[in-house]
Protein chains: 2
Amino acid sequence: MMAMTADGKIAKDKSQLADWTSKEDKKLFVEISKEHGVVIMGSNTFATFPKPLPDRLNVVFSKNSGQDIEGLLKWVQGEPETVLVELENLGYQKALLGGGAYLNTLFLKKKLITEIIITIEPKIFGAGLSLFAEDINADLQLLEHRRLNENTLMLKYKIIYLQ
Amino acid sequence: MMAMTADGKIAKDKSQLADWTSKEDKKLFVEISKEHGVVIMGSNTFATFPKPLPDRLNVVFSKNSGQDIEGLLKWVQGEPETVLVELENLGYQKALLGGGAYLNTLFLKKKLITEIIITIEPKIFGAGLSLFAEDINADLQLLEHRRLNENTLMLKYKIIYLQ
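Residues numbered from 1 in each chain as written. Chains lettered and ligands numbered in written order. Predicted model: local features only at pLDDT ≥ 70, side-chain atom pairs only at ≥ 80, totals over all residues. Heavy atoms only, no water.

A count of helices and strands for chain A gives 4 helices and 9 strands. Computed over the C-alpha atoms, the radius of gyration of chain A is 15 Å, within 12% of the 15 Å expected from 2.2 N^0.38 for a compact globule of 163 residues. For chain A, the C-alpha atoms occupy an extent of roughly 40 × 40 × 30 Å along the three principal directions. Residues counted as buried form 49% of the 163 residues belonging to chain A. When the accessible area of chain A is evaluated, it comes to approximately 8,100 Å², of which 51% is carbon and sulfur surface. The centroid of the 20 positive side-chain charges in chain A is displaced by 3 Å from the centroid of its 21 negative side-chain charges. (Helix = DSSP H or I, 4+ residues; strand = E, 2+ residues; numbered from the N terminus. Rg over C-alpha atoms; globule rule 2.2 N^0.38 Å. Buried < 20%, exposed > 50% of the residue type's maximum accessible area, 1.4 Å probe, protein only. Areas by Shrake-Rupley, 256 points an atom, 1.4 Å probe, with all protein chains shown as cover. Lys, Arg positive; Asp, Glu negative; His and termini not counted. Charge placed at Lys NZ, Arg CZ, Asp CG, Glu CD.)

This is the structure we're talking about:
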């Protein structure tokens, strides 16, 4: 699940906080991530939050591992498949991937993403980071689209891998 | 008016044809551009079409000017404002800007775009060209959103310039 501008940017740069998205986007992210029980993210994305997101497991891909906190924070590295198996062994059935572009790319290349939820905020950044960081081709099936507020849209797609 | 993938790409590269967009997107583009009477585009975008788009004036920004064809093809260079005044003198009240990223950026920086129509095709490219090519900030107001077909969405925004 990712928020982006109407011109497809998820942030101006790696260190930008997610403070430019609507409260409805944040609310939906909290709702969906709590329902999943797990949010997986890269260390740059994790660094944009003041602290681990409460009431769900924050799984952070990072070269430098820190202190795990049971049920709240887990530092991981290595192959995404291995991490997913580990999460399954901990009893989690699904996980929400929350970016950034590098981790999204890694998971998509390995065909580990089944659905993608995009909220489109009413902004233009012109330049910045995209949802993905490499040439990858996939088709999508639009499952749902709705307004979250007057100017923000939520799109939900199923990913159809091409080969 | 621009077509983009769900990850915000308008093309994989400068020379990619627009053959990846839906027939509903193409139909809407024809409809809206004919209604405007004028399509403005850059020379790379123009080069992706086999010939000038019929029944409307194709205005092509290019360093190398070619042969004009009255009512169908006009080669221009220089400042966008000057070109728009020239078009007004020819009796055109509005024009559709059809990309690419460089020309979109030029017009947006000069606050010459009032509305933006984006069709979102059910695809991921991962990498490629974006709607704009430079850091620019603007806010948007969502005027309309609807499905063009099962998987393609059309979003229409008003641009709110920040300063």
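That shown, we press on.
Among the nonpolar cores identified, the biggest contains 64 residues, and I40, I120 and Y157 of chain A together with I40, I120 and Y157 of chain B are the most heavily contacted of them. Counting 15 residues, the second-largest nonpolar core is a separate cluster that includes V39, L53, L73 and L148 of chain B. (Core = buried A, V, L, I, M, F, W, Y, C linked by side-chain atoms within 4.5 Å.)

Attention shifts here to the sheet that holds strand β9 (residues 153–161) of chain B. Reading across the sheet, the 5 strands line up as β7(A)-β8(B)-β9(B)-β6(B)-β1(B) and stay open at both edges, with mixed pairing between neighbours. Where the open sheet ends on each side, the last strands, each with one partner, are β7 (123–124) of chain A together with β1 (2–5) of chain B. Two strands pair when backbone bridges link them, and β1 of chain B and strand β6 (residues 115–121) of chain B are joined in this way by 4 bridges, in the parallel orientation. Looking at the pairing, T5 of chain B lines up with E121 of chain B of β6 of chain B. Packed on one face of the sheet, helix α1 (residues 23–36) of chain B meets β1, β6, β8 (138–147) and β9 of chain B and runs near 160° to β6 of chain B. (Pairing = 2+ DSSP bridges. Contact = heavy atoms within 4.5 Å. Axes fitted to C-alpha atoms, helices over the stretch in contact; angles between N-to-C directions.)

This part is about the interface of chain A and chain B. You'll often see interface size given as the accessible area lost when the parts meet. With 36 residues of chain A at the contact, the number on the chain B side is 36 residues. Buried area between chain A and chain B, both sides added, is near 3,000 Å², and the carbon and sulfur share of it is 54%. By the criterion of area lost to chain B, the three top residues of chain A are I124, L140 and L142 of chain A, representing 20% of everything that side buries. Counting the contacts that link chain A with chain B gives 4 salt bridges. (Buried area = accessible area lost by both parts, 1.4 Å probe. Salt bridge = Lys/Arg side-chain N within 4 Å of Asp/Glu carboxyl O.)

This part takes up the relation of the copies chain A and chain B. Once chain A has been moved 0.0 Å along the axis and rotated by 180°, it coincides with chain B to within an RMSD of 0.0 Å. The two molecules are tied by a two-fold rotation axis, judged by turn and shift. Closest approach to the rotation axis among the C-alpha atoms of chain A is made by G8 of chain A, whose C-alpha sits 2.0 Å away. With an isologous cut-off of 70% or more, the 100% of interface residues of chain A that recur at the interface of chain B puts this contact in the isologous class. (Least-squares fit on C-alpha atoms with pLDDT ≥ 70 in both.)

What follows concerns the sheet that holds strand β1 (residues 2–5) of chain A. The strand order β1(A)-β6(A)-β9(A)-β8(A)-β7(B) describes an open sheet built from 5 strands, whose pairing is mixed. Across the chains shown, the open sheet's two edge strands, defined by having one partner strand only, are β1 of chain A together with β7 (123–124) of chain B. Summarising the sheet, strand β8 (residues 138–147) of chain A and strand β9 (residues 153–161) of chain A pair through 9 bridges and their orientation is antiparallel. Within the sheet, the bridge partner assigned to L142 of chain A lies in β9 of chain A and is Y157 of chain A. Across the sheet, helix α1 (residues 23–36) of chain A lies against β1, β6 (115–121), β8 and β9 of chain A, angled at about 160° from β6 of chain A, the strand it touches most.

Among all positions of helix α4 (residues 101–109) of chain B, only A101, L103, N104, T105, F107 and L108 of chain B are buried. Just beyond α4 of chain B, the residue with positive phi is K111 of chain B, at close to 55°.

With that settled, the discussion passes to the confidence of the model for chain A. For chain A, mean pLDDT is 96; residues scoring 70 or higher make up 100% of the total. Predicted as a complex, the structure gets a pTM of 0.95 and an ipTM equal to 0.94. (pLDDT = per-residue confidence, 0-100.)

With that out of the way, let us pick up the environment of E150 of chain A. Mapped onto the fold, E150 of chain A is located in the loop between β8 and β9. Sequence separation of E150 of chain A and P122 of chain A is 28 residues, and the distance between their C-alpha atoms is 9.5 Å.

Cis rather than trans, the peptide bond between G99 of chain A and G100 of chain A has omega equal to 0°. Tracing the chain through its elements places G100 of chain A in the loop between β5 (96–97) and α4 (101–109). You will see that D55 of chain B, though not glycine, has its phi angle at about 65°, which is positive. By secondary structure assignment, the location of D55 of chain B is in the loop between α2 (43–47) and β3 (57–61). Here D55 of chain B falls in the exposed class, since its relative accessible area comes to 63%. Residues other than glycine seldom take positive phi values, yet K111 of chain B does so here, at roughly 55°.

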